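Okay, here's what each chain looks like letter by letter:
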Number of protein chains: 2
Amino acid sequence: MYVIMVYDVNQKRVAKVLNIARKYLEWIQNSVLEGELTEAKFERLKREVELVIDEEEDSVIFYIMRTIKYSERQILGIEKNKREQIL
Amino acid sequence: MYVIMVYDVNQKRVAKVLNIARKYLEWIQNSVLEGELTEAKFERLKREVELVIDEEEDSVIFYIMRTIKYSERQILGIEKNKREQIL
């Protein structure tokens, strides 16, 4: 499954969340990571993130696409992470 | 089509980009908006955003889903915009 992760967390927790997320997904731009994950890896990512965020203040959203057949990505401006285009 | 917009723009242009985006999509969290758009409205949104960003410095990504049948959204922490759950 293809996962897009966007996060809006307190500045003092950004580094922790980003370090965890980068183990599983590719950094795309500020607060946005993407990548192909197995169900098991996705569960591990969520558990690790849950341990470092403040559930009362921070927000982390995962958009999960079972198939990318019906999805595409369009960019205006620069692509902050020049990468092989999956989506 | 369902559109997720994420933006990483210079602080001095954030308000302009957000004001434009809010005419078309719903604010979800910092730098993230979502919503159902027609092709025509999506084109207008892109043109308006193009006029205010600096294409050499800013990055705006649109994830377009022709159908949301194969997609879902999961949230950790708080939902910064309590809204009716479409995705």
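Residues numbered from 1 in each chain as written. Chains lettered and ligands numbered in written order. Predicted model: local features only at pLDDT ≥ 70, side-chain atom pairs only at ≥ 80, totals over all residues. Heavy atoms only, no water.

**Overview of the pattern of salt bridges**
Logical step 1: Considering all chains together, one arrives at 16 salt bridges over all chains under this definition.
Logical step 2: Bridged by salt links that share partners, the residues Arg 13, Glu 57 and Asp 58 of chain A form one connected network. (Salt bridge = Lys/Arg side-chain N within 4 Å of Asp/Glu carboxyl O.)

**Looking at the environment of Thr 38 of chain A**
Residues and elements named next belong to chain A.
Logical step 1: Along the chain, the position of Thr 38 falls in the loop between strand E3 (32-36) and helix H2 (39-52).
Logical step 2: For the pair Thr 38 and Val 3, spaced 35 residues apart in the sequence, the C-alpha separation amounts to 9.7 Å.
Logical step 3: A polar contact is formed between the side chain of Thr 38 and the backbone nitrogen of Lys 41, at a distance of 3.0 Å. (Helix = DSSP H or I, 4+ residues; strand = E, 2+ residues; numbered from the N terminus. Polar contact = N/O pair within 3.5 Å; in protein donor to acceptor, adjacent residues only side chain to side chain.)

**Digging into the relation of the copies chain B and chain A**
Logical step 1: With an RMSD of 0.0 Å, chain B superimposes on chain A once it is rotated by 180° and translated 0.0 Å along the axis. The transformation just described matches what one would write down for a two-fold rotation axis.
Logical step 2: Interface residue correspondence from chain B to chain A reaches 100%, placing this contact among same-surface, isologous pairings. (Least-squares fit on C-alpha atoms with pLDDT ≥ 70 in both. Contact = heavy atoms within 4.5 Å.)

**Regarding the sheet that holds strand E4 (residues 59-65) of chain A**
For sheets, the rule is that strands pair by backbone hydrogen bonds, running either parallel or antiparallel.
Logical step 1: Pairing within the open sheet is antiparallel, and its five strands lie in the order E2(A)-E3(A)-E1(A)-E4(A)-E5(B). In the strand order of this sheet, the two ends are held by strand E2 (26-29) of chain A together with strand E5 (71-77) of chain B, each with one partner. Pairwise comparison of adjacent strand axes, ignoring direction, gives a mean angle of 25° for this sheet.
Logical step 2: Taken together, the seven bridges between strand E1 (residues 2-8) of chain A and E4 of chain A define a ladder with antiparallel strand orientation. (Pairing = 2+ DSSP bridges. Axes fitted to C-alpha atoms, helices over the stretch in contact; angles between N-to-C directions.)

**Let's talk about the UniProt feature "binding site: Mg(2+)" (unreviewed entry) in chain A**
Logical step 1: Taking the UniProt record as the reference, the feature "binding site: Mg(2+)" (unreviewed entry) is found at Asp 8 of chain A.
Logical step 2: In this structure, Asp 8 of chain A sits in strand E1.
Logical step 3: Judged by its relative accessible area of 12%, Asp 8 of chain A is buried.
Logical step 4: Sequence-distant contacts of Asp 8 of chain A, that is, excluding residues within four places in its chain, are made with Asp 58 and Ser 59 of chain A together with Gln 29, Asn 30 and Lys 80 of chain B. (UniProt positions renumbered as here; feature names shortened; annotations may be inferred. Buried < 20%, exposed > 50% of the residue type's maximum accessible area, 1.4 Å probe, protein only.)

**Re the sheet that holds strand E5 (residues 71-77) of chain A**
Logical step 1: Spatially, E5(A)-E4(B)-E1(B)-E3(B)-E2(B) is the arrangement adopted by the five strands of the open sheet, whose pairing is antiparallel. Of all strands in the sheet, those bounded by a partner on one side alone are E5 of chain A together with strand E2 (26-29) of chain B. In this sheet, neighbouring strand axes are inclined to one another by 25° on average, regardless of whether the strands run parallel or antiparallel.
Logical step 2: Where E5 of chain A meets strand E4 (residues 59-65) of chain B, seven bridges bridge the pair, whose relative direction is antiparallel. The partner of Gly 77 of chain A across the bridge, within E4 of chain B, is Ser 59 of chain B.

**Details of unusual backbone geometry**
Logical step 1: One non-glycine residue, Ser 31 of chain A, adopts positive backbone phi at about 70°.
Logical step 2: Within the secondary structure, Ser 31 of chain A is located in the loop between E2 and E3.

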